[in-house]
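Spelled out from the first residue to the last, the chains are:
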Amino acid sequence: DAGVTQSPTHLIKTRGQQVTLRCSPKSGHDTVSWYQQALGQGPQFIFQYYEEEERQRGNFPDRFSGHQFPNYSSELNVNALLLGDSALYLCASSFRDRGNSPLHFGNGTRLTVT
Amino acid sequence: QKEVEQNSGPLSVPEGAIASLNCTYSDRGSQSFFWYRQYSGKSPELIMFIYSNGDKEDGRFTAQLNKASQYVSLLIRDSQPSDSATYLCAVEGSARQLTFGSGTQLTVLP
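Caption draft 1: View of the nonpolar core. The biggest cluster of nonpolar side chains holds 23 residues, and the ones touching the most others in it are Trp35, Val72, Leu74, Ile76 and Tyr87 of chain B. Looking at this core, the elements that each hand over two or more residues are strand 3 (19-25), strand 4 (33-38), strand 5 (45-50), strand 7 (61-66), strand 8 (71-76), strand 9 (85-92) and strand 11 (104-109) of chain B. In contact with valine 72 of chain B, other than residues within four places in its own chain, are Leu21, Asn22, Cys23, Tyr25, Phe33, Trp35, Ile50, Gln64 and Leu65 of chain B. Formed by 20 residues, the second largest nonpolar core is a distinct cluster that contains Val4, Phe60, Val78 and Leu81 of chain A.

Now the structure itself:
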């Protein structure tokens, strides 16, 4: 039973560029959430996707956007990259309508913006 | 005011001792609380979750919740060097999103 998988593992981009990160949820999960974790900080909630729609959003600018596909996989897109976007990006999946279904995190994508 | 607060540490305990990690939260309506362990360079790994006031035990780990005091703690008994990591406290919101503290770095000394 595959857990949450993310790709790529590492990525280096230049300021102003755009990046796309990918996530496949744990088998049976239908909800995908994205988090940003800066060095020395806890993860911060970016947004959550369910039924191919953004359902909840944290305090992130519109440069951060996402998508969920019919197979529940998801993408996170960041436009006009800033140095401050350098972080570990974590995808987490869960089953929306099942109570007591904790989030399961993928291994993350380490993004470095130079 | 931060929504979830943890002592950043570092917290050092000798091998075999009890490590006590604490967390406070600001939203009195919060219902679900989680502890994650994160090794350096890795993603968070769920250790325990707790929904009801009182204690919940799982092996060497005990989570304690006091909603009146808005306080959650994690006790690690018989601490091992392999327990050395950053421990993240998280509180679940209405849409099941998690708000994390900044983590407490624990070092267990052999």
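Caption draft 2: Region of interest: the environment of glutamine 105 of chain B. Residues and elements named next belong to chain B. Looking at the element boundaries, glutamine 105 is found in strand 11. Classification of glutamine 105 by relative accessible area gives partly exposed; the value is 42%. Taking the C-alpha atoms as reference points, glutamine 105 and leucine 11, separated by 94 residues in sequence, lie 6.1 Å from one another. Residue contacts for glutamine 105: discarding those within four places in its chain leaves Ser8, Pro10, Leu11, Ala85 and Thr86.

Caption draft 3: Broad picture of the pairing of strand 7 of chain B. Residue and element names in this part refer to chain B. Bridge analysis of strand 6 (residues 54-58) against strand 7 gives five bridges, and the strand direction is antiparallel. Residue pairing for strand 7: aspartate 55 is matched across the bridge by glutamine 64. Between strand 6 and strand 7, which pair antiparallel and follow one another directly, the connecting turn spans two residues, one of which, glycine 59, has a positive phi of 65 degrees. In this antiparallel pair of consecutive strands, strand 7 and strand 8, the connection spans four residues, and glutamine 70 shows a positive phi of 55 degrees.

Caption draft 4: Fine view of the packing of aromatic side chains. This model, assessed by the stated rule, comprises 12 aromatic pairs over all chains. Every member of this aromatic cluster is reached through a ring pair, and the members are Tyr35, Phe45 and Phe105 of chain A together with Tyr36 and Phe100 of chain B. The aromatic ring of phenylalanine 61 of chain B is capped on one face by arginine 60 of chain B, whose charged end is 5.5 Å from the ring centroid.

Caption draft 5: A look at the state of the cysteines. Taken as a whole, this structure holds two disulfides over all chains when the rule is applied. Here cysteine 23 of chain A connects covalently by a disulfide to cysteine 91 of chain A, the sulfurs 1.8 Å from one another. Taking the sign of the S-S torsion, -60 degrees for the link of cysteine 23 of chain A and cysteine 91 of chain A, the bridge is left-handed. Remark: cysteine 91 of chain A occurs in strand 9 (residues 87-94) and cysteine 23 of chain A occurs in strand 3 (residues 19-24); sequence separation between them is 68 residues. For cysteine 91 of chain A, a relative accessible area of 0% puts it in the buried group. The disulfide bridge from cysteine 23 of chain B ends at cysteine 89 of chain B, spanning 2.1 Å between sulfur atoms.

The rules behind the values
- Residues numbered from 1 in each chain as written.
- Chains lettered and ligands numbered in written order.
- Predicted model: local features only at pLDDT ≥ 70, side-chain atom pairs only at ≥ 80, totals over all residues.
- Heavy atoms only, no water.
- Core = buried A, V, L, I, M, F, W, Y, C linked by side-chain atoms within 4.5 Å.
- Buried < 20%, exposed > 50% of the residue type's maximum accessible area, 1.4 Å probe, protein only.
- Helix = DSSP H or I, 4+ residues; strand = E, 2+ residues; numbered from the N terminus.
- Contact = heavy atoms within 4.5 Å.
- Pairing = 2+ DSSP bridges.
- Phe/Tyr/Trp six-rings, centres within 6.5 Å; stacked < 30°, edge-to-face > 60°.
- Lys NZ or Arg CZ within 6 Å of the ring centre and 35° of its normal.
- Disulfide = S-S within 2.5 Å.

Geometry only, nothing functional implied.
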